[in-house]
Amino acid sequence: MLFFEQLLNGLQLGVMLFLMSAGLTLVFGIMQVVNLAHGSFYMIGAYVAATVTMHSGSFMLGLLAALPAAALAGMVVELLILRRLYHRDHLDQVLATFGLIFFFNELTRIIWGRQPLFMDVPPWLAGSVELLPGVNYPVYRLAIIAVGILVALFLYLLFARTRLGMQIRAGATNREMVAALGVNIRLLYTLIFGLGTLLAGLAGVMAGPILAVEAGMGESILILTFVVIVIGGIGSVRGALVGAVLVGVVDTLARSFLPDLFRLFLDSSAADRMGAALASMSVYIFMALILTCKPAGLFPVND
Amino acid sequence: MATILVFGLLLTLPWLLDLIDQQYLLSLATRVLIYGLAASSLNLILGYGGMVSLGHAAFTGIGGYTVAILAFHSYEKTPILGWLPWLQGTENGLVAWPLAMALAALFGLITGAISLRTKGMHFIMITLAFAQMVYFFFTSLDTYGGSDGLALYGRNQLPVLDLGSDRNFYFLCLGILLTFLYLTYRLVHARFGRVLIGSRENEQRLQVLGYATFGYRLFSYCLAGAAAGLAGALLVNQGEFVSPGLIHWTRSGEIMVMVLLGGMGTLTGPVLGAAALLLLEEYLAMYTEHWMVILGPFLILVVLFARGGLHGLLFGQKEGS
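Going by what an unreviewed UniProt entry lists, chain A is known as Branched-chain amino acid ABC transporter permease and is assigned to Desulfolithobacter dissulfuricans. Check the Subcellular location (unreviewed entry) section of the UniProt entry for chain A; it says "Cell membrane". Its UniProt record gives chain A the following Sequence similarities (unreviewed entry) comment, quoted word for word: "Belongs to the binding-protein-dependent transport system permease family. LivHM subfamily."

A.B. asks: Honestly, the UniProt feature "transmembrane region" (unreviewed entry) in chain A in this entry has me stumped. Any pointers?
C.D. replies: Residues and elements named next belong to chain A. This chain's UniProt record puts "transmembrane region" (unreviewed entry) on residues 12-34, 63-82, 94-112, 139-159, 187-209, 221-254 and 275-297. Between the end C-alpha atoms of residues 63-82 there is a gap of 26 Å, over a span that is 90% helix and 0% strand. For residues 94-112, the end-to-end C-alpha separation is 27 Å, with 100% helix and 0% strand making up the annotated structure.

A.B. asks: I'm lost on the packing of aromatic side chains in this one. Help?
C.D. replies: For any two aromatic rings, the description comes down to two numbers: the centre-to-centre distance and the angle of the planes. By the definition in use, this model includes 24 aromatic pairs over all chains. The ring centre of phenylalanine 169 of chain B lies 4.5 Å from the NZ or CZ of arginine 155 of chain B, which sits over that ring.

A.B. asks: Just checking my understanding: could you explain helix H4 (residues 90-112) of chain A for this structure?
C.D. replies: Since one α-helical turn is 3.6 residues long, residues separated by three or four positions face the same way. All names here are of chain A. Across its 23 residues, H4 extends 32 Å between first and last C-alpha, which sits within 8% of the 33 Å expected from 1.5 Å per residue. Within H4, 17 of the 23 residues are buried, leaving the element largely enclosed by the surrounding structure. Where H4 ends, the next residue or the one after it, glycine 113, has phi of about 85 degrees, a positive value.

A.B. asks: When you look at the interface of chain B and chain A in this model, what are you seeing that I'm missing?
C.D. replies: You'll often see interface size given as the accessible area lost when the parts meet. Chain B puts 39 residues into the contact, and the matching count from chain A is 44 residues. Summed over both sides, the interface of chain B with chain A buries roughly 4,000 Å², with 81% coming from carbon and sulfur. Viewed at the interface, chain A and chain B are joined by one salt bridge. Of the charged contacts in the structure, one is a salt bridge between arginine 114 of chain A and glutamate 289 of chain B, with a shortest N-O distance of 3.0 Å. Where chain B packs against chain A, one counts five residue pairs in polar contact (both at pLDDT 80 or more). Listing elements by their share of the side of chain B that touches chain A, those giving two or more residues are helix H5 (120-139), helix H9 (249-262) and helix H11 (292-305) of chain B.

A.B. asks: Any chance you could explain the pattern of salt bridges here in plain terms?
C.D. replies: Any two side chains of opposite charge can pair, given that their charged atoms come close. Scanning the model with the defined rule gives 12 salt bridges over all chains in all. Arginine 31 of chain B is paired through a salt bridge with glutamate 282 of chain B; the nearest N and O atoms lie 3.9 Å apart. Pair noted here: arginine 31 of chain B is in helix H2 (residues 25-48) and glutamate 282 of chain B is in helix H10 (residues 269-287), with a separation of 251 residues, a long-range link. Exposure remark for glutamate 282 of chain B: the relative accessible area of 33% places this residue in the partly exposed category. Taken together, the shared-partner salt bridges connect Glu106, Arg109 and Arg114 of chain A together with Glu289 of chain B into one network.

A.B. asks: So what exactly am I meant to see when it comes to unusual backbone geometry here?
C.D. replies: Negative phi characterises most residues that are not glycine, and trans characterises most peptide bonds. Of note in this structure, glutamine 32 of chain A is not a glycine but carries a positive phi near 60 degrees. If you check the backbone angles, glutamate 240 of chain B has positive phi at about 55 degrees while not being a glycine. For glutamate 240 of chain B, the location among the structural elements is in the loop between helix H8 (213-239) and strand S2 (241-242). By relative accessible area, glutamate 240 of chain B is classed as partly exposed at 27%.

A.B. asks: How should I be thinking about the packing of H2 of chain B against H9 of chain B in this particular structure?
C.D. replies: Angle between the axes and distance between the axes: these two values describe a pair of packed helices. Residue and element names in this part refer to chain B. Following both chains from N to C, one finds H2 and H9 inclined at 80 degrees, their axes separated by 9 Å at the closest point. One finds that H2 runs roughly perpendicular with respect to H9. Along its contact with H2, which presents Tyr35, Ala38, Ala39, Leu42, Asn43 and Leu46, the element H9 presents Arg251, Ile255, Met256, Met258 and Val259. Here the residues of the contact of H2 with H9 sort into nine nonpolar, one polar and one charged.

A.B. asks: In this structure, what is going on with the pairing of strand S1 (residues 128-132) of chain A? I would like to understand it.
C.D. replies: Strand residues, when the strand is regular, have side chains that alternate between the two faces of the sheet. Residues and elements named next belong to chain A. Where S1 and strand S2 (residues 135-138) come together, four bridges link them in antiparallel fashion. Residue pairing across strands places leucine 132 opposite valine 135, the latter belonging to S2. If you look at the hairpin formed by S1 and S2, you'll find two residues sitting between the two strands, and glycine 134 has a positive phi there, around 85 degrees.

Parameters and conventions
- Residues numbered from 1 in each chain as written.
- Chains lettered and ligands numbered in written order.
- Predicted model: local features only at pLDDT ≥ 70, side-chain atom pairs only at ≥ 80, totals over all residues.
- Heavy atoms only, no water.
- UniProt positions renumbered as here; feature names shortened; annotations may be inferred.
- Helix = DSSP H or I, 4+ residues; strand = E, 2+ residues; numbered from the N terminus.
- Phe/Tyr/Trp six-rings, centres within 6.5 Å; stacked < 30°, edge-to-face > 60°.
- Lys NZ or Arg CZ within 6 Å of the ring centre and 35° of its normal.
- Expected span 1.5 Å × (residues − 1).
- Buried < 20%, exposed > 50% of the residue type's maximum accessible area, 1.4 Å probe, protein only.
- Contact = heavy atoms within 4.5 Å.
- Buried area = accessible area lost by both parts, 1.4 Å probe.
- Salt bridge = Lys/Arg side-chain N within 4 Å of Asp/Glu carboxyl O.
- Polar contact = N/O pair within 3.5 Å; in protein donor to acceptor, adjacent residues only side chain to side chain.
- Axes fitted to C-alpha atoms, helices over the stretch in contact; angles between N-to-C directions.
- Parallel < 35°, antiparallel > 145°, perpendicular 65-115°, else oblique.
- Nonpolar A, V, L, I, M, F, W, Y, C, P; charged D, E, K, R; others polar.
- Pairing = 2+ DSSP bridges.

See the structure below:
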């Protein structure tokens with residue numbers, strides 16, 4: 001029963017990671033840009049949602065304000081800075097987006113102060129439901145899982161079934177050819193970047209009621225997001241989905257069961273320490289194992 | 001001429017600071033030298049070898065913790081790890097520092113053997129992942145302070161030199177940095193360096209020529225790790241404190257920023273970068289607590305408009321390497 005509950009928790013973390021990694025891997029796959037500042041848009045989403053929700057009392061209003069805010073911030077960054085770095089080395093992109101992290105973290109400290117904000121779960125999503133006899137699970141976490149599945153479906157339809165999706169995929173393969181066919185590729189890139197940061201903002205909004213909203217909150221999830229896209233195969237949205245669920249489940253299960261596992265052959269305090277240490281390292285060990293076998297990730301994108 | 005001037009300045013700095021009554025700046029200068037060493041070691045693999053490692057702080061962390069843990073057991077008179085009675089702690093730098101370098105190099109050997117199989121973005125991420133493992137490993141060691149870190153009672157001991165004196169410590173760091181720069185210079189101008197630089201430009205071609213490039217790259221990765229481990233050992237000696245913060249990924253990013261800011265692939269660039277970043281932090285922090293809001297855009301401007309870093313700005317184009 002506990003196992004089932006933890007599996008759902010892992011799935012919920014996986015869904016959040018998918019929202020983050022879908023945007024990041026899109027941007028990397030299409031524009032070849034390493035964006036370390038992706039977590040900043042997650043943070044912007046969370047802060048705007050928390051502020052608007054606090055003042056209006058409505059979570060929906062908070063969500064509706066946060067999504068365009070994250071998308072807009074993303075598009076401004078793309079227009080002003082990243083656009084100039086498409087043809088540069090990954091190293092230049094790392095340095096510039098590292099500067100962006102400094103800037104955004106400190107900016108939120110100036111605007112909102114150093115104290116974290118706390119967001120409540122909206123009343124209509126509070127409480128829990130009995131999924132199986134004896135297993136109660138919070139509605140809010142189920143809602144997160146549902147949103148993640150909907151977004152995955154939306155992205156699939158966008159890429160596989162629409163004209164815009166076709167242009168995006170074509171643009172990734174041959175930028176010049178698509179531009180020659182009369183598609184405004186610069187605008188397309190800005191829009192894709194905005195879509196990616198919007199998804200990061202969405203993840204931030206949903207994380208708000210679960211975690212503390214504070215400056216630097218983007219970095220802890222950012223690293224996990226990178227682990228996800230590297231495991232999944234950089235540039236592959238399908239890989240991001242599979243990688244995110246794998247990482248979410250591995251992380252959650254390791255944290256809840258490794259200490260118990262070690263208790264089988266160690267005394268309890270040593271087992272707790274070893275278990276906790278290995279649990280926080282588990283996703284990185286998992287990643288190293290996968291890359292040892294498949295250096296390009298599970299779903300490599302051919303280029 | 002400029003070189004002699006800089007040498008003169010570095011050698012007389014403690015007395016110059018006495019003269020203008022700013023002795024507290026000596027510890028800042030020492031930190032610049034130590035971070036200069038860390039950045040130069042990253043430059044060896046990043047600038048010359050083209051290996052974009054975003055996990056370099058792991059090496060400094062391993063070096064720093066080696067020194068701190070040995071000192072801890074020396075005060076406590078307990079065996080290391082609690083179960084090796086013949087393994088005692090020590091405050092002797094001649095034991096602790098080589099061990100710090102050896103452990104960092106060993107970590108480099110194991111992780112490098114896996115990481116160097118990957119390329120580009122994957123290499124960036126896998127080095128980051130290994131550093132995160134080290135970060136969480138030390139965070140979980142409650143005996144050594146966990147996430148709060150571990151304070152030392154004093155610096156390591158060396159046979160002749162009293163490291164308790166900040167001035168002595170400054171000269172030691174200066175000597176080590178200059179030695180490392182000299183070694184790097186000799187290395188990149190020898191056949192070894194040619195192969196390393198060549199494998200940055202076109203690894204396949206070198207392999208066709210019959211060079212086992214993997215071995216060269218792995219060796220330089222371990223060498224850089226050992227030097228960064230020594231930098232970590234010095235850093236912990238300087239501050240008499242170690243914490244997992246030393247290994248946080250933003251710290252790796254900062255070391256990388258130093259290399260790029262100063263000019264990668266140049267001998268003195270990384271040291272310039274370390275000096276620039278640390279001085280800028282110190283200077284901006286005097287004016288506002290929100291100095292990062294200025295530093296961030298500054299870094300972006302450097303990327304956009306000052307390619308080749310400070311070294312490029314000061315001395316024109318890159319050194320022929």
